[in-house]
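# Descriptive analysis of the structure
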Amino acid sequence: MGTPLRGGLRKPNETMRLIVTAFIGVVVGFFLGVSFPTLSLTKMSLPSSLFPSIDLNYLEDKYSGLSTQALLNVWSSLKRNRGTASHFYKFNETKIWVPTNPRGAERLPPGIIVSESDFYLRRLWGLPNEDLTIKPRYLVTFTVGIAQKKNIDAAVKKFSESFTILLFHYDGRVSEWDEFEWSKQAIHVSVQKQTKWWYAKRFLHPDIVAPYDYIFMWDEDLGVEHFDAEEYIKLVQKHGLEISQPGLDPQSKGLTWQMTKKRDNSEVHKETQERPGWCTDPHLPPCAAFVEIMATVFSRNAWRCVWHMIQNDLIHGWGLDFALRKCVEPAHEKIGVVDAQWILHQSVPSLGNQGKAEGGKAPWEGVRERCRKEWTMFQDRMAVAEKAYFEAMKIDPPNSTAT
């Protein structure tokens, strides 16, 4: 006869004993759980690895009215999702790379990227989607000093709630504008002794002003008695202007160009007759495709181009007015002056007086001298850049006489 196997089978009474013991354990555990209806997970001494990335205080506050079993069910559900989350983070660290994303954001999934912003003011409370009762469609900027406070107050009142108001303070005096109710809703940026083009290059990036259909870049010394911003926008849209300015009242001080002078019995004009020899082509500045930089209005698309043309160190913007045509096509059709809504240029040299007296020259004289130098420097840079491009492309420039 064969030798019986040791431990091959358990005796029936041993199996029954195990079953009874397990049953009693379940019953005892149940009654222990009932005797403690709420349980603070934050006071339990459990390994942190059991609760990865879970705020236990948040769970306790949110589910404080639940029983222990219900709370543990919540935790179990979160724990089940841990595998999915871990997989996501691992995937994110090693797999996501989108070369078409904005530079520096290639590791992000495209759906989370917000590449544009705005100047909309938001609350510190409530829901984000309830913050804005109205979204302004247009932006108007003034570069200001406190001496022109009354003039700016009159100008701002010509712009409706459809406009975001942005003031650049070149004299550092901001709080004194609080007397105006509109100032409390305006955006204020203060850096002393800087020009509007310095501000524009640093604070008006196209991705920041992207929500606005039109951007008004205005000086502080403009009379607006005969100006209505909403009517101006209608005329700009009607005549397809991408870059424009209001016509200048003939009584304006320092009126230099015939192109920017207001015409009677006209809504808009896009070309003019200048003094003999001033225009080499009737479709080129200053006879066409030309506005000044004192009260310029840009469409969103035009500003995206112009912003890139502004030089960081050429802060006065002289020469830009002759180059704006490079940002729209055909320029002689899309750049113009709005006659039906006109302004008065008062020519107050308040920013010019922020200069420094040197060599026996008044502060404004040093500022004007730099303006002229910058104009020449900008022209030279544009000429060099265009020449380099055409040479690199091995093509003749547009004004070339080569066959």
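See above for the structure.
A brief report on the enclosed structure follows.

Cut-offs and rules
- Residues numbered from 1 in each chain as written.
- Predicted model: local features only at pLDDT ≥ 70, side-chain atom pairs only at ≥ 80, totals over all residues.
- Heavy atoms only, no water.
- Helix = DSSP H or I, 4+ residues; strand = E, 2+ residues; numbered from the N terminus.
- Buried < 20%, exposed > 50% of the residue type's maximum accessible area, 1.4 Å probe, protein only.
- Contact = heavy atoms within 4.5 Å.
- Disulfide = S-S within 2.5 Å.
- Polar contact = N/O pair within 3.5 Å; in protein donor to acceptor, adjacent residues only side chain to side chain.
- Axes fitted to C-alpha atoms, helices over the stretch in contact; angles between N-to-C directions.
- Parallel < 35°, antiparallel > 145°, perpendicular 65-115°, else oblique.
- Left-handed = near helix turned anticlockwise from the far one by under 90°.
- Pairing = 2+ DSSP bridges.
- Salt bridge = Lys/Arg side-chain N within 4 Å of Asp/Glu carboxyl O.
- Core = buried A, V, L, I, M, F, W, Y, C linked by side-chain atoms within 4.5 Å.
- Patch = residues over 30% accessible without salt bridge, like charges linked within 9 Å, V, L, I, M, F, W, Y side chains within 5 Å.
- Areas by Shrake-Rupley, 256 points an atom, 1.4 Å probe, with all protein chains shown as cover.

Here we take up the overall build of the chain. Each helix and strand in the chain was counted, giving 10 helices and 9 strands. Scored against the burial criterion, the 403 residues of the chain give a buried share of 36%. At a minimum sequence separation of 6, the contacts of the chain that also span at least 24 residues come to 69%.

Moving on: the state of the cysteines. Counted by the stated rule, this structure contains 2 disulfides. Across the disulfide, Cys279 is cross-linked to Cys287 (sulfur-sulfur distance 1.8 Å). With the S-S dihedral at roughly 95 degrees, the linkage between Cys279 and Cys287 falls on the right-handed side. Residue class for Cys287 comes out buried when judged on its relative accessible area of 6%. When the cysteines engaged in disulfides are numbered in sequence order, the chain pairs them as 1-2, 3-4.

This next bit is on the side chain of Thr296. Here Thr296 is to be found in strand E8 (residues 295–299). Classification of Thr296 as buried rests on a relative accessible area of 0%. Separated by 2.8 Å, the side chain of Thr296 and the backbone oxygen of Glu292 make a polar contact. Excluding its chain neighbours within four sequence positions, the residues that come into contact with Thr296 are Ile215, Phe216, Met217, Trp218, Ile243, Ser244, Val291 and Leu324.

Here we take up the packing of helix H5 (residues 196–203) against helix H7 (residues 300–309). When two helices pack together, their arrangement is captured by the angle between the axes and the distance separating the axes. Relative to each other, H5 and H7 sit at 110 degrees, their axes nearing to 10 Å. By the angle class used here, H5 and H7 are roughly perpendicular. The two elements H5 and H7 meet at a crossing, and its hand is left-handed. Of H7, the residues touching H5 (which contributes Trp197, Ala200 and Lys201) are Trp303, Trp307 and His308.

Here strand E6 (residues 243–248) lies mainly inside the structure; 6 of its 6 residues are buried. As judged from the 2 bridges shared by E6 and E8, these two strands associate in the antiparallel manner. Its bridge partner being in E8, Ile243 is matched across the sheet by Phe298. Judged from the 6 bridges that link them, E6 and strand E9 (residues 335–345) form a sheet pairing that is parallel. In the strand pairing of E9, Gly247 is matched with Trp342.

With 6 of 8 residues buried, H5 lies mostly within the body of the structure. Those residues of H5 that sit buried are Lys196, Trp197, Trp198, Tyr199, Ala200 and Lys201.

Moving on, we come to the pattern of salt bridges. Using the criterion set out here, one finds 20 salt bridges in the structure. For Arg275, the salt bridge is made with Glu274, and the minimal N-O distance between the two is 3.8 Å. By relative accessible area, Glu274 is classed as buried at 12%. Shared partners join several salt bridges into a network, and the residues in it are Arg122, Arg123 and Asp131.

By secondary structure assignment, the location of Glu179 is in the loop between strand E2 (163–169) and strand E3 (187–190). Within the structure, Glu179 has its side chain in polar contact with the side chain of Lys149 (distance 2.7 Å).

The biggest cluster of nonpolar side chains holds 43 residues, and the ones touching the most others in it are Trp197, Leu204, Ile243 and Trp303. Mapped by element, the contributors of at least two residues to this core are E2, E3, H5, strand E4 (214–218), H7, helix H8 (320–323), E9 and helix H10 (363–393). A total of 5 residues in this core trace back to one element, the largest contributor, which is H7. Core analysis: the second largest hydrophobic core is formed by 35 residues, Ile146, Ile152, Val236 and Ala295 among them.

Turning to a nonpolar patch on the surface, a few remarks are in order. Where nonpolar side chains cluster on the molecular surface, the patch consists of Tyr389, Met393 and Ile395 and spans about 300 Å² of accessible area. Here Tyr389 lies in helix H10. On the accessibility criterion, Tyr389 (45% relative accessible area) is partly exposed.

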